[in-house]
Amino acid sequence: MTKIIMHGCMGRMGTVIEGLLENDQDAELVAGIDIIDNGNKSYPVFTDISKCDVEADVIIDFSNAKAVDALLDYAVSKKLPVVLCTTGLSTEQLDKMREASKTVPILKSANMSLGINTIMKLLKDASNVFVPAGFDVEIVEHHHNQKLDAPSGTALALADSINEACGGQFEYVYDRSDRMQKRDKKELGISAVRAGTIPGTHEVIFAGPDEYIEIKHVAYSRSIFANGAISAAKFLGGKPAGIYDMSDVIAAY
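Even after reading the chapter, I still don't get the state of the cysteines, so can you show me in this structure?
Such a bond, covalent and formed between the sulfur atoms of two cysteines, is termed a disulfide. One pass over the full model with this rule turns up zero disulfides. In this model Cys-9 remains outside any disulfide bridge; the closest cysteine sulfur is found in Cys-52, 10 Å from its own. Its relative accessible area of 0% is what places Cys-9 among the buried residues. Classification of Cys-52 as buried rests on a relative accessible area of 1%.

Help me understand the pattern of salt bridges, please; the structure alone is not making it clear to me.
Opposite charge on two side chains makes pairing possible when the charged atoms of those side chains draw close. For the coordinates displayed, the defined rule picks out 18 salt bridges. The closest approach of N and O atoms between Asp-24 and Lys-234, which form a salt bridge, is 2.9 Å. Taken together, the positions of Asp-24 in the loop between α1 (12-21) and β2 (27-33) and Lys-234 in helix α6 (residues 223-236) put the pair 210 residues apart, joining distant regions of the chain. Residue classification places Asp-24 among the buried residues on the basis of a relative accessible area of 18%. Relative accessible area serves as the criterion here: at 33%, Lys-234 is assigned to the partly exposed category. Among the ionic pairs, Glu-138 bridges to Arg-176, the shortest N-O distance being 2.7 Å. Of this pair, Glu-138 sits in strand β7 (residues 136-143) while Arg-176 sits in the loop between β8 (171-173) and β9 (187-194); the two residues are 38 residues apart in sequence, bridging distant segments of the chain. Bridged by salt links that share partners, the residues Asp-136, Glu-138, Glu-171, Arg-176, Arg-179, Arg-183, Lys-185 and Glu-187 form one connected network.

Help me out: how do you make sense of the layout of surface pockets in this one?
Over the atoms rolls a probe the size of a water molecule, and its path tells where empty space is left. Of the voids in this model, the largest pocket is the one considered here, and its volume is about 1600 Å³. When contributions to the lining of the largest pocket are tallied by element, the ones reaching two or more residues are α1, α5 (153-165), β10 (200-208) and β11 (211-219). Counting residues per element, the lining of the largest pocket draws most heavily on α1, at three residues. Of the voids in this model, the second largest pocket is the one considered here, and its volume is about 770 Å³. Looking at the second largest pocket, it is lined by 25 residues, and the ones nearest its centre are Lys-108, Ser-109, Ala-110, Ala-157 and Asp-160. For the lining of the second largest pocket, the secondary structure elements donating two or more residues are α3 (91-100), α4 (114-130), α5 and α7 (246-251). Considering each element in turn, the lining of the second largest pocket owes the most residues, six residues, to α5. Within the lining of the second largest pocket, the residues separate by chemical class into nine nonpolar, eight polar and eight charged.

Conventions and cut-offs
Residues numbered from 1 in each chain as written. Predicted model: local features only at pLDDT ≥ 70, side-chain atom pairs only at ≥ 80, totals over all residues. Heavy atoms only, no water. Disulfide = S-S within 2.5 Å. Buried < 20%, exposed > 50% of the residue type's maximum accessible area, 1.4 Å probe, protein only. Salt bridge = Lys/Arg side-chain N within 4 Å of Asp/Glu carboxyl O. Helix = DSSP H or I, 4+ residues; strand = E, 2+ residues; numbered from the N terminus. 1 Å grid on protein atoms, 1.4 Å probe; cavity = no way out; pocket = protein on both sides within 12 Å on 5 of 7 lines; lining within 4 Å. Points joined across faces, edges and corners; volume = space filled by probe spheres on them. Nonpolar A, V, L, I, M, F, W, Y, C, P; charged D, E, K, R; others polar.

Right, dumping it as structure tokens:
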């Protein structure tokens, strides 16, 4: 049985994960960390992470960037693995994460969906075929009008998968309004749509002469990310220190 601490337990993702773990035979939620405790949880909630004294096997983090430094300090002090799902980390925080990974295993992913991470593998293969053949590459992502960051961390992760497969040849272009010129072959366009209640949607386009290939993923609920995080937590328990990602979880299936 994997014992999990939920960092950000009062948030939307924390609540979804809590619900899924109620019916999980292989994992349980033993404590929560959040700046708010409304007293309605069946497990202990700590508003100060340093005060958490509950024994666990792994921490799942869906919080915010401001809380990540204290999380990493706690994980190192307790020798606890971390599934780090918070996006928007600074360069200094990423450096701190890499330093912490010398002591504890950390799984970092911009998107916890098994579908998105499988698509990343497919994109590497597709890029090796289409890019040398002269196809243009574009990414269009759609989200609801409450999402703060643009482009999404997932869109950037998809772009990075393509660029890595192509030897880093692409320049990411987010806005062409000031470019009065033809599209450069080394451009990888990333466009963001924010409107209404659109579910998280990511489209990767490979466009060549008289051919148009689209690889698309739509997230209809947060449960896909929650299930991925739980799978990652089960995978990470007992692993040696280092940095992991969802490709390691997929490879273990």
